[in-house]
2 protein chains.
Amino acid sequence: MATKTKARREDLRLKLIDLAEAQITEQGLASLRARDLAKAGECSVGAIYNVFTDLNGLVLQVNGRTFQRLGKQVASAITDMETAPACERLIALSHAYLDFAQNNYRLWNALFGIKMTSDSNIPAWYQTTLDLLFAHISKPVSEIFPEFNAADTQLMTRGLFSSVHGVVLLGLQQRASSAEISRMLTLILSNISQNKVF
Amino acid sequence: MATKTKARREDLRLKLIDLAEAQITEQGLASLRARDLAKAGECSVGAIYNVFTDLNGLVLQVNGRTFQRLGKQVASAITDMETAPACERLIALSHAYLDFAQNNYRLWNALFGIKMTSDSNIPAWYQTTLDLLFAHISKPVSEIFPEFNAADTQLMTRGLFSSVHGVVLLGLQQRASSAEISRMLTLILSNISQNKVF
DNA sequence: CCCCTATATTGAACACTGTTCACTGGAGGC
DNA sequence: GCCTCCAGTGAACAGTGTTCAATATAGGGG
């Protein structure tokens, strides 16, 4: 029956995602090669294209995993912090983001290294996970700025996320030390909250 | 004589930089092709490699031009603003950065799209221009935070630059409107300066 | 249990990259 | 005008991702 074929395909699918994830982790996105993948997965090059539309599709699956791990890890940084000041929660979130990016540098970089041609196919999980992240930021933001209207709250939330992303991105790219990047995040976020932490 | 050869090479060099710049402006960095360049420049593919070490070297020259224009344009945003509050100068700088990125989107993107293999060859002008940008930011920062020591001033400067970069990068990538990105920058910078502008 | 057909898998071939280097043509000294 | 020598050439090379005619296999019907 067709189940056997389907099961084999699903096995291959998972195996290829695992292999691609390992390869990106060890050598970076740019090192991913269809022929190497086929050899490591003990299948033909063509088989990859039976299971994914193209290599980008495979990377998208890896990114899905990465992004979900990122979401969970950042979220877990503020569990048991409900009572902490909003400013401290923001800082904890940003440091969790930094930690993840540092400990998963190549996978994290692959999130943004994908070719975004034919923009329509940005997967749903991307926006979903991002929205979840934004929700975590949005809460402290509305506590710090209760006078903001909805639009400004959303813009400040997106802006702060982008800020933290920028600091981490450029910081890691220029090989700044963990302490320096950490300090930059703290300086910015604590001053935005008008609640200086020196 | 050798002067003639040298002059011809120099002409070709400039012509190729112009052509590459035009191509990136119109179709983006990913569309740059050695053969197309040779055809447009009325030379052989090999001639390109007589004048540049490789295509990356050519792109580096284009990026040099772009980065210098960026530096000038951002700097000019705060000439005649010496008397303005530091916060407003920061916002003006960030908006100038946004304007440049918007009006030169593909060239600006090419600044970060270059392959950074063999990291040693990051050109001197890169750090020089960046230092100049940092100097412009550093001045308002030390006015707003006179109590900061030198290390923190530098970290806040780099942090704010990275923040603005992040907001512009993600903003333009997600096709946010100019007004939204502008507002995000204003919200963040005016609150950091504890000098709200609503 | 054994065909037989529809479907899945294969990997050589294709289209396209950047880069090289043995050749060639012409510039410039004698 | 001849003869070096060297700059310019572009066909060839080494790698990519992707395809698709050929092959192998699955699994239902006799």
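Residues numbered from 1 in each chain as written. Chains lettered and ligands numbered in written order. Predicted model: local features only at pLDDT ≥ 70, side-chain atom pairs only at ≥ 80, totals over all residues. Heavy atoms only, no water.

Before going further, it helps to spend a moment on the interface of chain A and chain B. Counting from both sides, the interface comprises 32 residues of chain A and, opposite them, 32 residues of chain B. Summing the contributions of chain A and of chain B, the shared interface buries around 2800 Å²; its carbon and sulfur component is 63%. The tally of links between chain A and chain B comes to 4 salt bridges. Here Asp152(A) makes a salt bridge to Arg183(B), at a shortest N to O gap of 2.6 Å. Elements with a minimum of two residues in the side of chain A that touches chain B: helix H8 (150-173) and helix H9 (178-192) of chain A. It is H8(A) that provides the largest number of residues to the side of chain A that touches chain B, a total of 14 residues. Among the residues forming the side of chain A that touches chain B, the class breakdown is 16 nonpolar, 8 polar and 8 charged. (Contact = heavy atoms within 4.5 Å. Buried area = accessible area lost by both parts, 1.4 Å probe. Salt bridge = Lys/Arg side-chain N within 4 Å of Asp/Glu carboxyl O. Helix = DSSP H or I, 4+ residues; strand = E, 2+ residues; numbered from the N terminus. Nonpolar A, V, L, I, M, F, W, Y, C, P; charged D, E, K, R; others polar.)

Glancing now at the side chain of Arg158(B). Within the secondary structure, Arg158(B) is located in helix H8 (residues 150-173). When neighbours within four sequence positions are excluded, Arg158(B) is seen to be in contact with Ala176(A), Glu180(A), Met184(A) and Phe134(B).

This part covers the domain arrangement of chain A. When the parts of a complex come together, some accessible area is lost, and that lost area is often used as the size of the interface. Residue and element names in this part refer to chain A. Once the domains are mapped, chain A shows domain 1 (1-52) and domain 2 (59-192). At the interface, 14 residues of domain 1 touch 9 residues of domain 2. Summed over both partners, the interface of domain 1 with domain 2 comes to about 970 Å²; 66% of that surface belongs to carbon and sulfur atoms. If you sort the residues of domain 1 by the area they bury against domain 2, Glu 21, Ile 24 and Leu 29 come out on top, with a joint share of 49%. In this assembly, domain 1 and domain 2 are joined by 2 salt bridges. (Domains from an automatic or database assignment.)

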